[in-house]
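One letter stands for each residue in the lines below.
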Amino acid sequence: MKAIILCSIYFLVTLVTATKKHRPFVDLSKSHGRSKRSSAPTGVGSSHLTTNDIVPIASYNQIGADNVYTNIISSSNYQSNLIPAPVQVDISVFLTHLLDLDQIGQHLTVNVYFLLQWNDHRLTWDPNDPNYLNITDLIVPPDSVWTPDLTLYNTANGGQHYFGQSVSEQHRLTVSHTGDISWKPQMEYTMSCAMKMGKFPFDTQICHMKMGSWAYPKAYLDWSFGSSIESSTDNTTADMFTQEFNYNREWELYHAPIAYNQRYAEDGSGTINPDLKMYFILVRNYDKYMFNVISVSILFV
């Protein structure tokens, strides 16, 4: 009996060692390709300014900032609920936490923040104008200007989940005198995820967020990967930034690619709707399960 138990323990240890040497490879290249992730763009962090609504950056001058805000951003000629179409939004994704992988409820919860950059040609001014006193940039609340309606399609919370519903006013954005806008909203998402448990505890789970605009087709709004990301040659795949990802005891983050897709509207109109699929390829840390099995086996020796 002891010999059988000892052989079982030896087999389990050998299996663990062999499995660690051959981590599962999940190949998405057939449909999406794979690319390397570059370092995070300079100046991107998780802190958010919470000062007054109008914050000039280059050189502080409240009079100039007030004039820019009054004459340009809050002008009656500017409608923040209308898209500056056509517009291209550059997106970078930063994964910070894997909060929960519910194997019974079949959903994954993560914390991410985005770097979104686009140009609104209506929000331009000349810093050399005497009224603007060399003001080149302002930090303003997101509801002051048009923002993209990036929506999570496969939310596990019911309905659609988009920025306008949940982004805090603290996630302010920067407007440049050239019309360039930069925004870093941070979000917690819960998405549906169909899991396969047949290989437990040596399983690999693949979950994804499917995101895009809920209202605008490609003719109005299109997505591209930020210049700081090393994407594929056709700019259809890239990786999330994971430098700030916090260690998770249960799961190892194996890979976090993003794929750009285009689909035609079901009504036959020929309208193209682009979306982004952000994958989370997770390998279970099975060491604790092996420890429990070996510990129980030893008790019977």
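Small disclaimer: the values here were computed from a predicted structure and weren't measured.

(A) Broad picture of unusual backbone geometry. Across the junction of Ala-85 and Pro-86, the peptide omega takes the value -10°, indicating a cis bond. The topology assignment puts Pro-86 in the loop between helix H2 (62–73) and strand S2 (87–102). Following Phe-200, the chain continues into Pro-201 via a peptide bond in cis, with omega recorded as 0°. The residue Pro-201 is located in the loop between strand S9 (186–192) and strand S10 (204–213) in this model. Positive phi values are uncommon outside glycine, yet Gln-106 reaches one of about 60°. The residue Gln-106 is located in the loop between S2 and strand S3 (107–119) in this model. Non-glycine residue Leu-133 carries a positive phi angle of around 50°. Mapping Leu-133 onto the fold places it in the loop between S3 and strand S4 (137–140). Classification of Leu-133 as partly exposed rests on a relative accessible area of 33%.

(B) Local environment of the nonpolar core. Counting residues in each nonpolar core, the largest one holds 58 residues, and the members touching the most others are Phe-114, Tyr-189 and Met-278. No other element matches S2, which puts seven residues into this core. Every residue in contact with Met-278, bar those within four places of it in the chain, is listed here: Ile-91, Val-93, Phe-114, Cys-207, His-208, Met-209, Met-211, Met-240, Pro-257 and Ile-258.

(C) A look at the state of the cysteines. Under the counting rule described, the total for this entry stands at one disulfide. Disulfide pairing places Cys-193 opposite Cys-207 at an S-S distance of 2.0 Å. An S-S torsion of about -75° defines the bridge between Cys-193 and Cys-207 as left-handed. On the criterion of sequence distance, the pair formed by Cys-193 in the loop between S9 and S10 and Cys-207 in strand S10 is long-range, its members being 14 residues apart.

About the thresholds
- Numbering of residues starts from 1 in every chain and runs along the sequence as written.
- Predicted model: local features are reported for residues with pLDDT of at least 70 only, side-chain atom pairs are reported and counted for 80 or more only, and whole-chain, interface and lining totals are derived from all residues.
- Each side-chain value is derived from all of the structure's non-hydrogen atoms; neither hydrogens nor water enter the calculation.
- We count a stretch as a helix when DSSP gives it H or I for four or more residues in a row; a strand needs E for two or more, and each element gets its number in order from the N terminus.
- Only protein chains enter the area calculation, which uses a 1.4 Å probe; residues under 20% of their type maximum are buried, those over 50% are exposed, and those in between are partly exposed.
- Put simply, buried Ala, Val, Leu, Ile, Met, Phe, Trp, Tyr and Cys residues joined by side-chain atoms within 4.5 Å make one nonpolar core.
- In this analysis, two residues are considered to be in contact whenever any of their non-hydrogen atoms come within 4.5 Å of each other.
- The disulfide criterion is simple: two cysteine sulfur atoms within 2.5 Å.

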